Amino acid sequence: MDIEKITRFADHLAAASREGVGVTPLTLLDPQFSEIEAYHVQLKTIERKVKEGARITGKKIGLTSRAMQTLLGVEQPDYGHLLDDMVVENNGELPFEHVLSPKVEAEIAFLLKRDLEGPHVTTYDVLMATEYVMPALEIVDSRIANWQIKLEDTVADNASSGFYVLGGHPVKPQDLDLPLVGMALYKNQQLVNTGVGAAALGNPASCVAWLANKLYELGITLKAGEIILSGALSAAVEAKPGDVFHTQLAGLGSVGVRFGEKKT
Amino acid sequence: MQSELLYKRLAQKLVDAELNREVVVKLTAEYPELTVEDGYRIQNELVSLKLEQGHRIFASKMGLTSQAKMKQMNVHEPIRGYIFDYMNIEDGILPINELIHPKVEAEIAFVLHEDLEGPGITEAHVLAATDYVVPALEIIDSRYVQFQFALPDVIADNTSSSRVFIGSTWRKPNELEIDLVGVTLSINGELKDLGAGAAVLGHPARSVAMLANMLAREGRKLHKGDLILSGGITGSHQLREGDVVSAKWGGLGSIEFVVKTR
């Protein structure tokens, strides 16, 4: 592992956040940049933020749809870390200067009541280890200019995480047929997308099982109390200053977010 | 406005195309002046021909109910048509040898326990008048070459109605969030499409309300006992001999069928 490169690439992405301007893809700077190196760049960034006082609140799973996997030429999802400074209150405002080119996705969030440690975690284990599921909006964002990402770019960039909003009401996962939970996503009161739980690898709980097993490779365990965003139920929708988004999920209620006007 | 005779002749042409499994060129190629209203006049003639042949109306249906399809056809209102009794399949087999180039789409259907007479019918009226909501797979099979048609053509062709499978899980409308019923459509075990009820005009009940209001313009209404297919939640997907189609609805069960020669 080239520690110098890992640090340099973490610095490269940090500059984008600091300056508020997207940067050159890492895979352009180094065509040999690998997925495992990319995860180490992500871990480096998270380690720094934790040192600065941020707290890890959970994980997010990305690239869970066939369409996204095809787009990036991959056959499995990726994941990123959730931190306490990424939380937006339900129906709260997200200042636009905190994002670069945000997109919004509706998801099902899992709150774990027990640790989930790979490598043999099944969907059944996930259901039994879950306290509640609830509806979530994820605001994905890319520190790479114009979302010109390959798999390694988004992995290094914390799976293009931005912010997340939890809402609705918590429900035991056993009380729902997760693959068939319907979803409607609205932008400024206009329907923009519909979806269903099965959009995330056939079952959102299977995505969480994938994550637990993937993390085993990196020596990480999903902890009780963590929030897991299990993957988008429809394509991400671009957000502009002043846009208001909300989503409704069958049996789970609704969750919303408002983007602030851009300060000039 | 065209002559009565022309409406009858064009309706007969479409009935023959269905029966003989021979596609025809869209009517507007020869009669570019045909309007939406003409389309419905031809459809009325087509319905009369079917009834004269001894068929019975089994259900009403709405088409072009998604934003995507309305944009594609450049329309602001869905279209309506009929499903006849011979189109209702109960043995799980889609007889491909009777069809031209069938496609499948997943829907939610409504059964009414009260008449609905427009104008002014809203989503709330529909829900109050609904006895049950039921899952349905609709088979569309345009009688036009390669599904190539303008709006008056598809209306004249009874909105491409061909066959229908009605599911066995029936629910009272207040037992479900109808706009949030999730749907998956798989062909040969592969997930092909998905969506939620809201894909139909924001709420499937809105589609039924629009149908009642459209009928009111002709002094007609929806009747107690009517079955209404509200429109595709998924897109429509081409079917081939040997395909096994499976669809699931959140809280509304599932429907499966196979495509084969009978």
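Only a predicted model underlies this, so the values are computations on that prediction, with no experimental measurement involved.

Rules of the game
Residue numbering note: each chain is counted from 1, following its sequence as written. Here every chain gets a letter starting at A, and every ligand a number starting at 1, in the order they are written. pLDDT decides what is reported in this predicted model: residues at 70 or higher carry local features, side-chain atom pairs at 80 or more are listed and counted, and totals for whole chains, interfaces and linings draw on all residues regardless. Side-chain measures here rest on the full set of heavy atoms in the structure, leaving out hydrogens and waters. Whenever a carboxyl oxygen of Asp or Glu lies within 4 Å of a side-chain nitrogen of Lys or Arg, that contact is scored as a salt bridge. By the criteria applied, helices consist of DSSP H or I runs no shorter than four residues and strands consist of E runs no shorter than two, each listed in order from the N terminus. A 1.4 Å probe rolled over the protein chains alone gives each residue an accessible area, and that area as a share of the maximum for its type sets the label: buried under 20%, exposed over 50%, partly exposed in between. Pairing between two strands requires that DSSP report at least two bridges joining them. Under this scheme, a helix contributes an axis fitted over its contacting stretch, all axes are lines through C-alpha atoms, and angles between N-to-C directions fall in the 0 to 180 degree range. Residue contacts are counted whenever heavy atoms from the two residues lie within 4.5 Å of one another. Buried area counts how much accessible surface, traced with a 1.4 Å probe, disappears from two parts once they are put together, with both parts' losses summed. For this analysis, a polar contact is any N or O atom pair within 3.5 Å, provided that within protein one partner can donate a hydrogen and the other can accept it, and provided that sequence-adjacent residues contribute only side-chain to side-chain pairs. Classification used: nonpolar for Ala, Val, Leu, Ile, Met, Phe, Trp, Tyr, Cys and Pro, charged for Asp, Glu, Lys and Arg, polar for all others including Gly. Reported orientations rely on four angle classes, namely roughly parallel under 35 degrees, roughly antiparallel over 145, roughly perpendicular from 65 to 115, and oblique for the rest. Should the near helix be turned anticlockwise from the far one by less than a right angle, the crossing is left-handed, and should it be turned clockwise, the crossing is right-handed. Here is the rule: rings of Phe, Tyr and Trp (six-membered ring for Trp) pair when centre to centre is within 6.5 Å. Planes less than 30 degrees apart are stacked, more than 60 are edge-to-face, and the remainder are tilted. Here, a charge over a ring means that NZ of Lys or CZ of Arg falls within 6 Å of the ring centre while also lying within 35 degrees of the ring normal. UniProt positions are given in the numbering used here, feature names are shortened, and annotations may be inferred rather than shown by experiment. Here, patches come from residues exposed beyond 30% relative accessible area and free of salt bridges, joined within 9 Å for like charges and within 5 Å for nonpolar side chains (Val, Leu, Ile, Met, Phe, Trp, Tyr). Working definition of accessibility: Shrake-Rupley area with a 1.4 Å probe, residue cover restricted to the visible protein chains.

Let us now look at the pattern of salt bridges. For the structure on display, the rule yields 30 salt bridges over all chains. For the salt bridge of lysine 5 of chain A with aspartate 30 of chain A, the shortest nitrogen-to-oxygen distance reads 2.5 Å. With lysine 5 of chain A in helix 1 (residues 3–19) and aspartate 30 of chain A in the loop between helix 2 (26–29) and helix 3 (35–51), the pair connects residues that are 25 residues apart, well separated along the chain. Given the relative accessible area of 9%, lysine 5 of chain A is considered buried. With its nearest N and O atoms 2.4 Å apart, the salt bridge here joins aspartate 91 of chain B to arginine 262 of chain B. Here the residue aspartate 91 of chain B occupies a position in the loop between strand 2 (79–84) and strand 3 (93–95), and arginine 262 of chain B occupies one in the segment after strand 12 (253–260), the gap between them amounting to 171 residues.

Let's shift gears to unusual backbone geometry. A cis amide bond links glycine 118 of chain A to the next residue, proline 119 of chain A, at an omega of 10°. Relative to the helices and strands, proline 119 of chain A resides in the loop between strand 5 (103–112) and helix 5 (123–129). Residue proline 119 of chain B follows glycine 118 of chain B across a cis peptide bond; omega there is 0°. With respect to the helices, strands and loops of the structure, proline 119 of chain B is situated in the loop between strand 4 (103–112) and helix 5 (123–129). Notably, leucine 64 of chain B is not glycine yet its phi reads approximately 55°, a positive angle.

Below, the discussion takes up the sheet that holds strand 12 (residues 244–249) of chain A. Within a sheet, neighbouring strands are paired by backbone hydrogen bonds and run either parallel or antiparallel to one another. All names here are of chain A. Taken in spatial order, the 5 strands line up as 4-13-12-8-9 in an open sheet, and their pairing is mixed. Sheet topology places strand 4 (92–94) and strand 9 (190–196) at the edges, where each strand pairs with a single neighbour. Each strand of the sheet is rotated relative to its neighbour by a mean of 20°, with strand direction disregarded. As paired elements, strand 8 (residues 182–187) and strand 9 share 6 bridges and run antiparallel to each other. Considered in strand 9, the bridge of leucine 185 is made with asparagine 193.

Counting from both sides, the interface comprises 18 residues of chain B and, opposite them, 19 residues of chain A. Buried surface at the junction of chain B and chain A, summed over both partners, amounts to about 1100 Å²; 67% is from carbon and sulfur atoms. On inspection of chain B and its partner chain A, the count reaches 1 salt bridge. With its nearest N and O atoms 3.8 Å apart, the salt bridge here joins arginine 66 of chain A to glutamate 190 of chain B. Across the contact surface, chain B and chain A share 4 residue pairs in polar contact (both at pLDDT 80 or more). With 5 residues, the single largest contributor to the side of chain B that touches chain A is strand 8 (residues 190–196) of chain B. Across the side of chain B that touches chain A, the residue classes tally to 9 nonpolar, 5 polar and 4 charged.

This paragraph deals with the packing of helix 1 (residues 4–20) of chain B against helix 3 (residues 36–52) of chain B. Two numbers describe a pair of packed helices, the interaxial angle and the distance between the axes. All names here are of chain B. Contact pair helix 1 / helix 3: the axes reach a minimum separation of 8 Å and the direction vectors enclose 60°. By the criterion of interaxial angle, the relationship of helix 1 to helix 3 is oblique. Crossing of helix 1 against helix 3: the hand is right-handed. Contacts from Glu4, Tyr7, Lys8, Leu10, Ala11, Gln12, Leu14, Val15 and Glu18 of helix 1 reach helix 3 at Asp38, Arg41, Ile42, Glu45, Leu46, Leu49 and Lys50.

The next subject is the packing of aromatic side chains. Tallying each qualifying case throughout the model produces 8 aromatic pairs over all chains. Relative to tyrosine 79 of chain A, the ring of tyrosine 39 of chain A lies with its centre 4.9 Å away and its plane at 15°, an arrangement referred to as stacked. Here tyrosine 79 of chain A lies in strand 2 (residues 78–83) and tyrosine 39 of chain A lies in helix 3, a separation of 40 residues in the sequence. Residue tyrosine 79 of chain A is classed as buried on the basis of its relative accessible area of 0%. Here lysine 103 of chain B stacks its cationic end above the ring of phenylalanine 147 of chain B, 4.1 Å away from the centre of that ring.

The residue aspartate 175 of chain A is located in the loop between strand 7 (163–166) and strand 8 in this model. Along the chain, aspartate 175 of chain A and threonine 194 of chain A lie 19 residues apart, while their C-alpha atoms are 22 Å from each other.

As recorded in UniProt, the sites labelled "domain: Fumarylacetoacetase-like C-terminal" (unreviewed entry) are residues 102–256 of chain A. Regarding residues 102–256 of chain A, the helix share stands at 17% and the strand share at 36%, and the terminal C-alpha atoms are separated by 15 Å.

For the rest of this paragraph, the subject is the UniProt feature "domain: Fumarylacetoacetase-like C-terminal" (unreviewed entry) in chain B. In the numbering used here, UniProt assigns the "domain: Fumarylacetoacetase-like C-terminal" (unreviewed entry) feature to residues 102–259 of chain B. Split by type, residues 102–259 of chain B is 16% helix and 39% strand. Its first and last C-alpha atoms lie 10 Å apart.

A few words on the packing of helix 1 of chain A against helix 3 of chain A. Residue and element names in this part refer to chain A. Between helix 1 and helix 3, the least distance of the axes is 9 Å, while the angle of their chain directions is 65°. Pair helix 1 / helix 3 crosses with right-handed handedness. Counted together, Lys5, Ile6, Thr7, Phe9, Ala10, Asp11 and Leu13 of helix 1 and Glu37, His40, Val41, Lys44, Thr45 and Arg48 of helix 3 form the full contact between these two elements.

Okay, a nonpolar patch on the surface next. A surface patch of nonpolar side chains, amounting to about 330 Å² of accessible area, comprises Met1, Ile3 and Ile36 of chain A. When you line up the elements, methionine 1 of chain A lands in the segment before helix 1.

It is worth spelling out the pairing of strand 7 of chain A at this point. Residues and elements named next belong to chain A. Sheet analysis places strand 3 (residues 87–88) next to strand 7, joined by 2 bridges and oriented parallel. Each residue of the ladder has a partner; that of valine 88, found in strand 7, is valine 165. Alignment of strand 6 (residues 130–140) against strand 7, held across 4 bridges, turns out to be antiparallel. Its bridge partner lying in strand 7, leucine 137 is registered against valine 165.

Turning our attention to the sheet that holds strand 7 (residues 182–187) of chain B. Residue and element names in this part refer to chain B. If you trace the 5 strands from one edge of the open sheet to the other, you get 3-12-11-7-8, paired in mixed fashion. Pairing within the sheet leaves two strands with one partner each, and these edge strands are strand 3 and strand 8. Shown here is a sheet whose adjacent strand axes are inclined to one another by a mean of 20°, direction ignored. With 6 bridges connecting them, strand 11 (residues 244–249) and strand 12 associate as antiparallel partners. Across the sheet, residue valine 245 finds its bridge partner in strand 12, namely phenylalanine 257.

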